[in-house]
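Structure assessment
These are the residues of each chain, in order.
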Amino acid sequence: MKSVALLGATGSIGKQTVDVISQHSDKFELYAMSFGENVEEALRIIKQCKPKIVAVKNDRVYQLLKEQLDEPVKIISGKEALSEISADPTVDIVVNAVMGSVGLRATLTAIEYKKQIAFANKETLVTAGHLVMEAANQAGVPLLPVDSEHSAIYQALNGEKKNQVQKIILTASGGSFRDKSREELEGVTVEDALNHPNWSMGAKITVDSATMMNKGLEVIEAHWLFGIPYENIEVILHRESIIHSMVEYVDHSIIAQLGTPDMRIPIQYALTYPDRYSLNRSKALQLTEIGKLHFEKMDEQRFPCLTYAYRAGKEGGSLPTVLNAANEAAVALFLKGKISFLDIEKVIERAMNLHHKVDNPNLEMIELIDSEVRKEIFQDYL
């Protein structure tokens, strides 16, 4: 029996992680969890899984939860709460499913305490890849990706020699607006953006999929996670989301991982690695039902956010922190109806162009830059 700390339990990845744990209750227990604002969903999870510790965003959420809680649970709140449950000696596995750069310190803490880490918090590697990978390598702690694309690459690399990798090929569904021209994107609504053709995800990541920023963040994440130069990371459009990503080797052999678009599959793989367990609630892939798979070259003029991500990754330093912070702020403004969909990329490009890059930022500098970028953008639009 392994004890799990689930950071971001009420989000899309968090809820699917709870589903995986519930299917294997003889092997995993939800010992600790955190959440932001969704008290109703948190109460449901607490009632179902009976964790011992719950970390909440702030004292207001603490009081709301405490008033409605019937279970004997320890509640903690504040800035250090995520790190506290990541360091708990009872915890075997830390699943980092929080959205945004808030998950960075918790990941570093989990590395320090040598936990098994399953992470869907790509912003951790985008904003501080150099710090996270250095810490993980020194501690000998593997980072097991939950993103379907990086899980696919991880699996395609199993048993192979890294120095024989030619390139990584990340697949992208194209998001909600993949068939719209730039002109047709004028005036699209939040509801339009959240209507993803393949995946069931949270609001922020669904918007990122529509702008292609999600794929850009995955490019930076793949660079750090697998040590592959940006020049050897390719993104292609794959509408069906059946091939989750591929690795091409020096002999031009390509190894791919296929499956239905179901996030519970990579979540479970990260929890059970190096073993595989059955997943009864997931539909098996039937290629004869799919019939055909389609692939297209990515149009970076149509999706400029992908270009911004490659630029930030290649220039490095503090620029990926700016990219991520500006994107998170812009998406939040779009979801609140304060800016248009096409304004998202304008906000990001402006923030990157105004920034004076710091070459090798430490954790405090990263957090400062992150905070300042968000503050300036919100001041401009709120």
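Residues numbered from 1 in each chain as written. Predicted model: local features only at pLDDT ≥ 70, side-chain atom pairs only at ≥ 80, totals over all residues. Heavy atoms only, no water.

**Quick word on the overall build of the protein chain**
Formally: Secondary structure follows DSSP: runs of H or I at least 4 residues long count as helices, runs of E at least 2 residues long count as strands, and numbering of each begins at the N terminus. Restricting the calculation to C-alpha atoms gives the radius of gyration, and the globule rule supplies 2.2 Å times the number of residues raised to the power 0.38. Between buried and exposed lies partly exposed: a residue is buried under 20% and exposed over 50% of the maximum accessible area for its type, with that area taken using a 1.4 Å probe on protein chains only. Residue contacts are defined here by distance: any two heavy atoms, one from each residue, within 4.5 Å place the two residues in contact. Areas reported here follow the Shrake-Rupley algorithm with a probe of radius 1.4 Å; residue values treat only the protein chains shown as occluding.
The helix and strand inventory of the protein chain stands at 16 helices and 12 strands. A compact globule built from 382 residues would reach a C-alpha radius of gyration of about 21 Å, and the protein chain, at 20 Å, matches this within 12%. Overall, the protein chain is about 55 × 50 × 40 Å in size when its C-alpha atoms are taken along their principal axes. Expressed as a percentage of the 382 residues in the protein chain, the buried residues total 57%. Taking as baseline every contact in the protein chain between residues at least 6 positions apart, the subset at least 24 positions apart corresponds to 68%. Of the roughly 16,900 Å² that the protein chain leaves accessible, carbon and sulfur atoms contribute 48%.

**So, the UniProt feature "domain: DXP reductoisomerase C-terminal" (unreviewed entry) in the protein chain**
Basically, it comes down to this: UniProt positions are given in the numbering used here, feature names are shortened, and annotations may be inferred rather than shown by experiment.
The feature "domain: DXP reductoisomerase C-terminal" (unreviewed entry), as given by UniProt, occupies residues 258-375 in the numbering adopted here. Structurally, residues 258-375 comprises 57% helix and 3% strand, and the distance from its first C-alpha atom to its last is 41 Å.

**With respect to the packing of aromatic side chains**
Going by this rule: Planes of paired rings set the category: under 30 degrees apart is stacked, over 60 is edge-to-face and the rest tilted, where pairs are Phe, Tyr or Trp rings (Trp by its six-membered ring) whose centres lie within 6.5 Å. When the NZ atom of lysine or the CZ atom of arginine is within 6 Å of a ring's centre and also within 35 degrees of its normal, the charge is said to sit over that ring.
All chains considered together, the criterion is met by five aromatic pairs. For the pair Phe177 and Phe341, a centre-to-centre distance of 4.9 Å together with 85° between the ring planes defines the contact as edge-to-face. Here Phe177, found in the loop between β8 (165-172) and α8 (190-193), pairs with Phe341, found in the loop between α14 (319-335) and α15 (343-354); they are 164 residues apart in sequence, far enough to count as distant. Residue Phe177 shares its accessibility class with Phe341, and that shared class is buried. With a centroid separation of 5.7 Å and an interplanar angle of 70°, the aromatic rings of Phe334 and Phe341 are classed as edge-to-face. Comparing Phe334 with Phe341, the two get one shared label, buried. Positioned over the ring face of Tyr277 is Lys27, at 4.9 Å from the centre of the ring. Positioned above the aromatic ring of Phe303 is the side chain of Arg302, whose terminal nitrogen or guanidinium carbon lies 4.3 Å from the ring centre.

**Regarding the domain arrangement of the protein chain**
Operational definition: Residue ranges assigned to the domains are those given by an automatic or database domain assignment. Buried area: the accessible surface (1.4 Å probe) lost by two parts on joining, summed over both. Take a side-chain nitrogen of Lys or Arg and a carboxyl oxygen of Asp or Glu: if they are within 4 Å of each other, that pair is a salt bridge.
Under the domain assignment, the protein chain is made up of domain 1 (2-141), domain 2 (148-311) and domain 3 (316-381). Measuring from the centre of the C-alpha atoms in domain 1 to the corresponding centre in domain 2 gives 25 Å. In this complex, domain 1 contributes 25 residues to the contact, which on the side of domain 2 involves 25 residues. Approximately 2,200 Å² of surface area, both sides summed, lies buried where domain 1 meets domain 2, with 67% of it carried by carbon and sulfur atoms. Taken as a group, Val20, Gln23 and Lys122 account for 24% of the area that domain 1 buries against domain 2, more than any other trio of residues on that side. Here domain 1 is connected to domain 2 by two salt bridges. The shortest N-O distance in the salt bridge between Asp19 and Arg264 comes to 2.8 Å.

**A look at unusual backbone geometry**
The amide bond that connects Tyr273 to the next residue, Pro274, takes the cis arrangement and shows omega of 10°. Here Pro274 lies in the loop between α11 (264-272) and α12 (287-290). Positive phi, normally seen in glycine, also occurs at Lys50, with a value near 55°. By secondary structure assignment, the location of Lys50 is in the loop between α2 (39-49) and β3 (53-56). The partly exposed category is assigned to Lys50, whose relative accessible area is 46%. The residue Lys114 is not glycine, and still its phi comes out positive at about 55°. Within the fold, Lys114 resides in the loop between α5 (104-112) and β6 (116-119).

**A closer look at the pairing of β6**
Put simply, the rule reads: Should DSSP find at least two bridges between two strands, the strands are regarded as paired. For the handedness criterion, the strands are oriented away from the viewer, and a crossover whose path from the first strand over the helix to the second runs clockwise is classed as right-handed.
Burial along β6 is two-sided: Gln116 and Ala118 and Ile117 and Phe119, pointing in opposite directions, are all buried. Sheet topology places strand β5 (residues 93-96) next to β6; four bridges connect them, and they run parallel. Considered in β6, the bridge of Val94 is made with Ile117. In this fold, β5 hands off to α5, which returns the chain to β6; that crossover is right-handed. One ladder, built from three bridges, connects β6 with strand β7 (residues 143-145); its direction is parallel. Opposite Ile117, over in β7, you have Leu143 as the bridge partner. For the crossover from β6 across helix α6 (residues 123-139) to β7, the handedness is right-handed.

**Let's talk about the sheet that holds β8**
On the basis of which strands lie adjacent, the open sheet formed by five strands has the order β11-β10-β8-β9-β12 and mixed pairing. Each edge of the sheet is formed by a strand with only one pairing partner; in this case those strands are β11 (254-258) and β12 (296-297). Relative to strand β9 (residues 233-237), β8 runs parallel, the two sharing five bridges. Bridged to Ala172 within β9 is Leu237.

**Notes on the nonpolar core**
Threshold: In this description, a nonpolar core means a group of buried Ala, Val, Leu, Ile, Met, Phe, Trp, Tyr and Cys residues linked to one another through side-chain atoms lying within 4.5 Å.
Residues Leu65, Leu143 and Leu323 are the most contacted members of the largest nonpolar core, which totals 126 residues. Once you skip the residues sitting within four places of it in the chain, Leu323 turns out to touch Met213, Leu217, Ile220, Tyr308, Ala309, Ala312, Ile348 and Met352.

**Section: the packing of α5 against α6**
Rules: Orientation is described by lines fitted to C-alpha atoms, with helices fitted over the stretch in contact, and by angles between N-to-C directions that extend from 0 to 180 degrees. Comment on the angle field: the value is read as roughly parallel under 35 degrees, roughly antiparallel over 145, roughly perpendicular from 65 to 115, and oblique elsewhere. Residues are grouped as follows: Ala, Val, Leu, Ile, Met, Phe, Trp, Tyr, Cys and Pro are nonpolar; Asp, Glu, Lys and Arg are charged; every other residue, Gly included, is polar.
The interhelical angle for the contact between α5 and α6, taken along N-to-C directions, is 5°, at an axis separation of 10 Å. Classified by the angle their axes make, α5 and α6 are roughly parallel. Along the contact surface, α5 presents Leu104, Thr107, Leu108 and Ile111, while α6 presents Thr124, Thr127, Ala128, Leu131, Val132, Ala135, Ala136 and Ala139. Looking at side-chain class alone, the contact of α5 with α6 contains nine nonpolar, three polar and no charged residues.

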